[in-house]
Amino acid sequence: MPNPARQRGRQVNVFQALALLLTFALVAGVGGVLAAGLVLPGVAVANGVTDLTVTAFDDLPTELDQGTLPEKSVIKAADGTLLATFYQQNRVVVPLTEISPMLQHAVIATEDKRFYQHAGVDPTGMLRAFVQNQANDGGQQGASTLTQQYIKNVLIDAALAKETKAEQLEAIQAAREADGTEGYARKLREAKLAIALEKTMTKDEILEKYLNIAPFGASVYGAESAAQYYFTKPAKDLNYLEAATIAGVTQSPTKWDPVLNPEASQERRNRVLKLMYEQKFITEAEYEAGRATPLAATLHPSPLKQGCMTAGDVVPGSGYFCDYVTKVIGNDPAFGETKNDRIKRLYRGGLTITTTLQPGEQAIADAEVKNGIPVDDPSGVASSIVVVEPGTGKITAMAQNRLYTAVAEHGDRETPVNFNTDNAYGGASGFPPGSTFKPFTLLEWLKQGHSLQETVDGSVRPLNQNMFTSCGAKGRNEKWTPGNAEGNGKTMTVLDATKNSVNLAYLTMAMQLDLCGIMDGAAQIGIHKAGGKSGEGTADPYPANVIGSNSIAPLSMAAAFATFAANGTYCTPIAITSVIDADGVELAVPSANCSPVIDPKYTSALTFALRNVWQGTADGVTPPPFPTAGKTGTTSHNEHTWFVGYSPLRAAAVWVGYSDGMRPVQNITIAGKKVRYAYGATIAAPTWSRFMTQALSGAPNGDFPAPGDKEVFGEKVAVPSVVGLSEADARNRLSAAGFRASVAPAQVPSALPAGAVVSQSPSGTAVRGSYVQLTLSNGQPPVAPVDPNQPGQGQGQGPPDNRGRNP
C-alpha cells in the first residue's frame, strides 16, 4: 500500500499561515531562534487565532528521516575497466575532508553567509525576504539557510523513492511549494526541522550532507560528481575558480549548468566570485583574475553517460554482456526481495559490480563474430559467440554481429535482444542446436556401459516413434523417416558416427537408451529450453530432440560443453564476481555452484570422440594449434548452424542464422561469398577457431586426459554360440548376452534346415554391444568334394586326354 503523506500540521488559510510565519520570524528575531524553539509562544495575530497558532506550529514534525542518499552504481570488467554507470542521481558520497575548502567557502558565501552563526534558521533573512517579496509584487526571494535547503533536498529525495509516479509528484510538490498557504507552511516546516536538526548535528556534519545531496547540474548531484563531470578531477582538488563555478549552479541546476548554458554560467560564476571576495574568502587579485578568465578555459567535462549503451565505447561489443549483468541483478533475489527493489538498488545503491568479462577476449570475440558476418552484411544473417571458463562458470566474452541499443526506436542492425541468453535475461527464445545436441546422447550411451567402438546402423530407413523408449514407455505408433546430411549411411562405429555426425546412427543409439535419461543427463549440465516462444524446462524426451529440435540458448550450450572440458564438473554460468555497496560492504552474489556431476571417465571418452571433428564434419576448417574438441550442428534445412567446442581453458558456442525464425540459409551471399547450403563448418566453426586461436595464444594450453580402454573399445565378454539355432532364437540369445545380430546377405548350402545359423563371427570373445554376423543355411546340402584320384569321380572335369579321359 502507498505510504501515507507526511504529517504537515493543521490546515490553515493563507492569512493564518502568513501570521504563523511572521510570528515565528519576529519571536526568533527578538528572543533568538532557540527561544522560539520547537514550541512557538501563543502570540495573538488575529481574532481567535492564538490557539490555532500554537496548535498548528506544535503539530509540525521535528524528526527528519534522512535515509540513505542515492548513489550511482558502476559495472566493471574483470580487470577493473569501467563498463557502465547507472544512476537515478549521478552522485558519489564523500566526507567533508574530501571536498575542497574553497568549494565549502564558495557555497557558504553564495547560499548562507551566516551559516556558522545561526541555529538552523536566519530570522533576519526571513524578514528581509518577506519585505522584499511584498515590494516585488509577487517576485520571490529565497530566505532558506543551508540547513533548510538540505531538509528540502531530503524531502525531495524521499519523494523520488516513492512507489508510484503520482505519489512522487505529490510529495515533490509539497517539498517545493513556494506560493500561498502551502508555501508558508513549507517554510514553517523547514524552519522547525532545521532547529531540531541543529540540536543533533554539528555545522560541519550538516555542510557535508548538503554538499553531497545538492543538485549541481541538470543530471549531477553532490560535489564529487560535479567536480568529476565539469573538471575531471576529485572535489578535494578544486581551485577557487572551479569552486565558484560549481557553487553557482545549485540555485538553478539547469539554468546555471556550465555545459548546457556556458554564458549564463559564467555570469553566475562571476557573481559568486564577488561574494567570495566580499566575505574575504579570496583576495582582490584572485577576484579580478577569476573574472577575466573565460569559463571555457577552465572546463574539462567528462560526458555523462549512463547504461549499457556506453559499454561498447570502452570494450568493443560489451553492451550485451553489460545488459545481461543488469538482468541478473533484476532477476536474482540476492539483490532484493522484489524485482522493483533490485532495479532500484542498481540505480540508487552505489554498487560497485565487478564482472567476469575479460576485455581482451571480448574484443577478439566481437571482432571475429563480425568478421564472420559483418554487421551491415546484405544477407541479414545474424551470428553470436559466448565464452565460458571451464571449472569456474565465468563468462569471459559475449558478442554478436549487431549493435547494442536500449531505445525503442532503432536501426535495422541495432537491437536490445541478446542472442546468447535465455529469454528471461534479455535474450531471444534460443535456437535449435541441431547436431551439437548429439553429445548428450553420446554421454548417456557411455554411462549405460556402451563404447565408442560399438557399431550401429546409420542407414536411412523408415522409423517409428514406438521404436524409442521415453521414461520407460514406448512411443506412439507413428512413422518417421529422418534423413542423413551425409547420405544413406551404413553400419559404423559410434566413433565414426560422431566424427561424421550421422543422424540415423545416433537415432539407432537412442533406441537402445531411454530418451528421458538423455534429457535428464543434459539438464544435469545446464541444458534447458530458453523460454519465451520455446517454452521452459528440460528438453523434451522426443526422438527428434536427439538431433536437436528444442531451442536452447548458446550460453547454455557453452556451459554444458565446459563441463566436458572440466572433466565432469558443471558450473552455472556467472557474470558477477563481487558487489560492494556504498558503505563498502560486500554483498552476496549468484554462485556458480560448481560440482562434479559426471564421472571423468565418460567425459574423457566423449572428448576423445569430439576431437575427431577436425577430421570429420569440420575437416575443411583450420583448427587451433592446441588440443580442442567440438561439434558442428545444422538444422534440417540449414536454418541454424552452430559450432560448440572447448579446450581445457575455454568453452565457446557460435551460432549463425536468422534471429526471427526458421528461415533456410541457402543460396545466399554472406560476407562476399556464395553459400549454397550453410553448415556448422561454413561460418560458425571458422569463427570459433579464429577466436580460440587468438584468445588462447601464449596460454598454457594443456592436453585432455586420455580415455579408458573400456569406454573406447568396450568390455570383451564371451559370445554365446548360436550355430544351429534359428535366426530368431539366435538373435534372442545374443541380445540376452548384450550383443546385436546382423545377417550376411547370402545364405550358404548346409545340412542344417533353411534359416538356421551355419556360422557366426565373432565366435570367441567380443565387445559387449557389438554386432555378431550370422550366416544362414539355404537348406541345400553342400556338393561333396571330388577326389581326382578315385576312379569314376570327376566326370566332365578338365579337357579330355587323347584317350577321351580326364587326367
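Rules used in this analysis
Residues numbered from 1 in each chain as written. Predicted model: local features only at pLDDT ≥ 70, side-chain atom pairs only at ≥ 80, totals over all residues. Heavy atoms only, no water. Disulfide = S-S within 2.5 Å. Helix = DSSP H or I, 4+ residues; strand = E, 2+ residues; numbered from the N terminus. Buried < 20%, exposed > 50% of the residue type's maximum accessible area, 1.4 Å probe, protein only. Salt bridge = Lys/Arg side-chain N within 4 Å of Asp/Glu carboxyl O.

Trainee: I tried to follow the state of the cysteines on my own but got confused; where do I start?
Mentor: In protein chemistry, a disulfide is the covalent bond that joins the sulfur atoms of two cysteines. According to the stated counting rule, one finds three disulfides in the structure shown. Between the sulfur atoms of Cys308 and its disulfide partner Cys322 the distance amounts to 2.1 Å. What sets the handedness of the Cys308 and Cys322 disulfide is the S-S torsion sign, and at about -75 degrees it is left-handed. In this pair, Cys308 sits in the loop between helix H14 (295–298) and helix H15 (311–314) while Cys322 sits in helix H16 (residues 319–331), placing the two residues 14 residues apart along the sequence. Assigned by exposure class, Cys308 and Cys322 land together as buried. Across the disulfide from Cys471 sits Cys516; the S-S distance is 1.7 Å. Disulfide Cys471-Cys516: the torsion about the S-S bond is -90 degrees, which places it as left-handed. Linking Cys471 in the loop between strand E10 (469–470) and strand E11 (473–474) with Cys516 in helix H22 (residues 515–524), this pair joins segments that are 45 residues apart in sequence. The exposure class of Cys516 is buried, given its relative accessible area of 9%.

Trainee: Hey, could you run me through the pattern of salt bridges in this one?
Mentor: If charged atoms from side chains of opposite charge come close, those side chains can pair. Tallying each qualifying case throughout the model produces 19 salt bridges. For the salt bridge of Glu288 with Arg291, the shortest nitrogen-to-oxygen distance reads 3.7 Å. Taken as a pair, Glu288 and Arg291 lie in helix H13 (residues 284–291) at a separation of three residues, close to a single helical turn. Using a relative accessible area of 41% as the deciding quantity, one classes Arg291 as partly exposed. The salt bridge partner of Glu478 is Arg476, with a shortest N-O separation of 2.6 Å. Under the relative-accessibility criterion, Glu478 is labelled partly exposed at 33%. The class for Arg476 is exposed, based on a relative accessible area of 54%.

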